[in-house]
Each structure stands twice: as C-alpha cells, then as structure tokens.
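# Fold and geometry: a report
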Amino acid sequence: MKPYLRMVSFCLLIMIIIPANAVATSWVYPFVVWDGYMYEVTDEKVTTIENKIGTVTKYSDMKEYGGNFSNAYPKGTKYFSIKGIDKEIAIAVQVDKGTYLKAIRDGEYTYHQFNIAHNLFKALVVIGLFLILFLLFNALRKR
C-alpha cells in the first residue's frame with residue numbers, strides 16, 4: 001500500500017474512533033422550551049391559567065433536541081398562558097391535573113442539530129492537512 005493511502009486510511013480511522021460530539025448534557029435547572037425560548041420551571045404554583053399554548057414534543061435528561069423540548073417533563077406535558085402575565089415573561093407548565101408551575105423565560109434556546117455536511121467538511125480539512133504535511137515531509141526527506 002502506498003504511503004499516502006496509509007496516511008489517509010489512518011486519518012479516517014482516527015476520525016471514526018474519536019467521537020466528534022459529546023453525548024450527554026447536564027443542566028442547572030428544570031426547563032421547557034416553547035416558541036424558541038427556554039423557560040426555567042420554578043416551584044411557584046399558578047392558579048390563574050388562560051389558554052393552552054403548546055406541549056412538550058421531546059423529553060430527555062441526557063441530550064438536547066429541537067422543538068418544544070424539556071429536560072424534566074415528559075412528552076405531552078401542556079403549556080398554558082397565565083392571566084395577566086405576558087408569555088414573553090412567563091408561562092405555566094401543567095405538572096399534575098390541576099397543578100401548574102410558573103416557568104420564567106430565560107432566553108433564546110440555542111439548539112444546534114447535528115450537521116453531516118459540516119462534519120464532513122471538517123473531516124476533509126483534516127485529511128487535507130495530513131496530506132499536505134505528508135507531502136512536505138516526503139519532499140524534505142528526498143533532499
């Protein structure tokens with residue numbers, strides 16, 4: 001096998017063995033995501049519920065997801081608007097029948113979905129750099 005093919009094979013093997021992304025995530029507090037924003041769920045009970053505005057579409061305490069995601073409440077958990085409070089400030093999360101907790105908006109939810117094209121580009125850059133180094137090393141060795 002030619003030396004440059006060995007180098008490319010080695011680079012590919014390394015990229016397969018070494019994971020590119022972390023699998024587990026940890027959070028400081030329980031939250032729900034609604035309409036692209038993260039809401040920290042507090043212990044404060046809410047009794048003045050208005051309209052249903054959404055539900056949890058994905059739950060995980062280990063990994064991030066897009067959509068109406070939660071790290072603490074199962075899929076199907078309902079979100080409600082609170083009478084007299086703008087939804088940009090707080091919403092209510094139904095935790096039991098007739099029990100709602102206030103969730104305070106903490107900021108935009110910045111979920112980054114796995115992008116195969118981006119990772120393929122990074123892999124090609126790494127392979128290219130290894131090939132350049134290999135060719136330079138061979139050129140210097142032949143002098």
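Residues numbered from 1 in each chain as written. Predicted model: local features only at pLDDT ≥ 70, side-chain atom pairs only at ≥ 80, totals over all residues. Heavy atoms only, no water.

Across all of its chains, the model carries six aromatic pairs by this definition. Geometrically, the ring pair formed by F31 and Y109 is tilted, given 6.4 Å between the ring centres and 40 degrees between the ring planes. Separated by 78 residues along the polypeptide, F31 in strand 1 (residues 31-34) and Y109 in the loop between strand 8 (99-108) and helix 2 (116-142) bring together distant segments of the chain. The exposure class assigned to F31 is buried, which follows from its relative accessible area of 1%. Aromatic side chains W34 and Y39 sit 6.3 Å apart centroid to centroid with 55 degrees between the ring planes, which places their arrangement in the tilted category. Under the relative-accessibility criterion, W34 is labelled buried at 13%. Under the relative-accessibility criterion, Y39 is labelled buried at 1%. (Phe/Tyr/Trp six-rings, centres within 6.5 Å; stacked < 30°, edge-to-face > 60°. Helix = DSSP H or I, 4+ residues; strand = E, 2+ residues; numbered from the N terminus. Buried < 20%, exposed > 50% of the residue type's maximum accessible area, 1.4 Å probe, protein only.)

Attention now moves to the pairing of strand 6 (residues 78-82). Counting buried positions along strand 6 gives four out of five residues, so the element sits mostly inside the fold. In this sheet, strand 6 lies alongside strand 3 (residues 49-55) in antiparallel orientation, the contact comprising four bridges. Within the sheet, the bridge partner assigned to K52 lies in strand 6 and is F80. The sheet contact formed by strand 6 and strand 7 (residues 90-96) spans two bridges and is antiparallel. Bridged to F80 within strand 7 is A92. (Pairing = 2+ DSSP bridges.)

What follows covers the pattern of salt bridges. For the structure on display, the rule yields one salt bridge. We note a salt bridge from K102 to E44, for which the minimum N-O separation is 3.4 Å. One end of the pair, K102, is in strand 8; the other, E44, is in strand 2 (residues 37-46), with 58 residues separating them in the sequence. Residue K102 is classed as buried on the basis of its relative accessible area of 15%. (Salt bridge = Lys/Arg side-chain N within 4 Å of Asp/Glu carboxyl O.)

What follows deals with a nonpolar patch on the surface. On the surface, a cluster of nonpolar side chains totalling about 600 Å² of accessible area is made up of F121, V125, L129, I132, L133 and L136. With respect to the element layout, L133 can be found in helix 2. (Patch = residues over 30% accessible without salt bridge, like charges linked within 9 Å, V, L, I, M, F, W, Y side chains within 5 Å. Areas by Shrake-Rupley, 256 points an atom, 1.4 Å probe, with all protein chains shown as cover.)

Mapped onto the secondary structure, T42 falls in strand 2. A distance of 3.3 Å separates the side chain of T42 from the backbone nitrogen of E44, its partner in a polar contact. Aside from chain neighbours lying at most four places away, what touches T42 is L101, K102 and I104. (Polar contact = N/O pair within 3.5 Å; in protein donor to acceptor, adjacent residues only side chain to side chain. Contact = heavy atoms within 4.5 Å.)

Before going further, it helps to spend a moment on unusual backbone geometry. Excluding glycine, a negative phi dihedral is what most residues carry, and trans is how most peptide bonds are arranged. One non-glycine residue, D35, lies in the positive phi region at around 55 degrees. Secondary-structure assignment places D35 in the loop between strand 1 and strand 2.

Another point: the side chain of N68. Its place among the elements puts N68 in the loop between strand 4 (58-59) and strand 5 (69-70). Taking relative accessible area as the criterion, N68 reaches 19% and is therefore assigned buried. At 3.2 Å, the side chain of N68 and the backbone oxygen of T55 are in polar contact. When near neighbours in sequence (up to four residues on either side) are disregarded, N68 contacts V33, W34, D35, T55, V56, T57, K58 and Y79.

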